[in-house]
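# Observations on the model geometry
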Amino acid sequence: TPVWRRAALAWVLTVVAACYLLFFWTAAAEWVRLGTSVNRIVLHFAPALVFWLQCLWVARRETVAPTD
């Protein structure tokens, strides 16, 4: 399995685990019912997603770019 796929899987599993733990094991489940913070929790993981996308873009660019 390529490294980028393992990194993507780790990111997705971390987000899912964080949402599960927060919304099913704490009183924050009320936030879901009210719709006030469901999207905000994912924003905490957005920097990691952007970093992964940049790494993927750079790796792809290095393999496709012609050499001088």
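It should be emphasised that the depicted structure is a prediction, and the values quoted were computed from it without experimental measurement.

## Notes on the nonpolar core
In terms of nonpolar packing, the biggest core is built from six residues, these being Val15, Cys19, Phe23, Ala28, Ile41 and Phe45. Here this core takes three residues from helix α1 (residues 3-25), the largest share from any one element. Those residues in contact with phenylalanine 23 that lie beyond four places of it in its chain are Ala28, Ala29, Trp31, Val32, Ser37, Val38 and Ile41.

## Structural notes on a nonpolar patch on the surface
Taken together, the side chains of Tyr20, Leu21, Phe24 and Trp25 make up a nonpolar region of the molecular surface, amounting to roughly 530 Å² of accessible area. When you line up the elements, leucine 21 lands in helix α1.

## Quick word on the packing of aromatic side chains
One pass over the full model with this rule turns up two aromatic pairs. Both rings, one in tyrosine 20 and one in phenylalanine 24, keep their centres 5.2 Å apart while their planes meet at 35°; by these two values the pair is tilted. With tyrosine 20 and phenylalanine 24 both in helix α1, this residue pair falls four residues apart, about one helical turn. With a relative accessible area of 41%, tyrosine 20 lands in the partly exposed category. Relative accessible area serves as the criterion here: at 61%, phenylalanine 24 is assigned to the exposed category. Pairing tyrosine 20 with tryptophan 25 gives two aromatic rings, centres 6.4 Å apart and planes at 75°, and the pair type is edge-to-face.

Thresholds, definitions, all that
- Residues numbered from 1 in each chain as written.
- Predicted model: local features only at pLDDT ≥ 70, side-chain atom pairs only at ≥ 80, totals over all residues.
- Heavy atoms only, no water.
- Core = buried A, V, L, I, M, F, W, Y, C linked by side-chain atoms within 4.5 Å.
- Buried < 20%, exposed > 50% of the residue type's maximum accessible area, 1.4 Å probe, protein only.
- Helix = DSSP H or I, 4+ residues; strand = E, 2+ residues; numbered from the N terminus.
- Contact = heavy atoms within 4.5 Å.
- Patch = residues over 30% accessible without salt bridge, like charges linked within 9 Å, V, L, I, M, F, W, Y side chains within 5 Å.
- Areas by Shrake-Rupley, 256 points an atom, 1.4 Å probe, with all protein chains shown as cover.
- Salt bridge = Lys/Arg side-chain N within 4 Å of Asp/Glu carboxyl O.
- Phe/Tyr/Trp six-rings, centres within 6.5 Å; stacked < 30°, edge-to-face > 60°.

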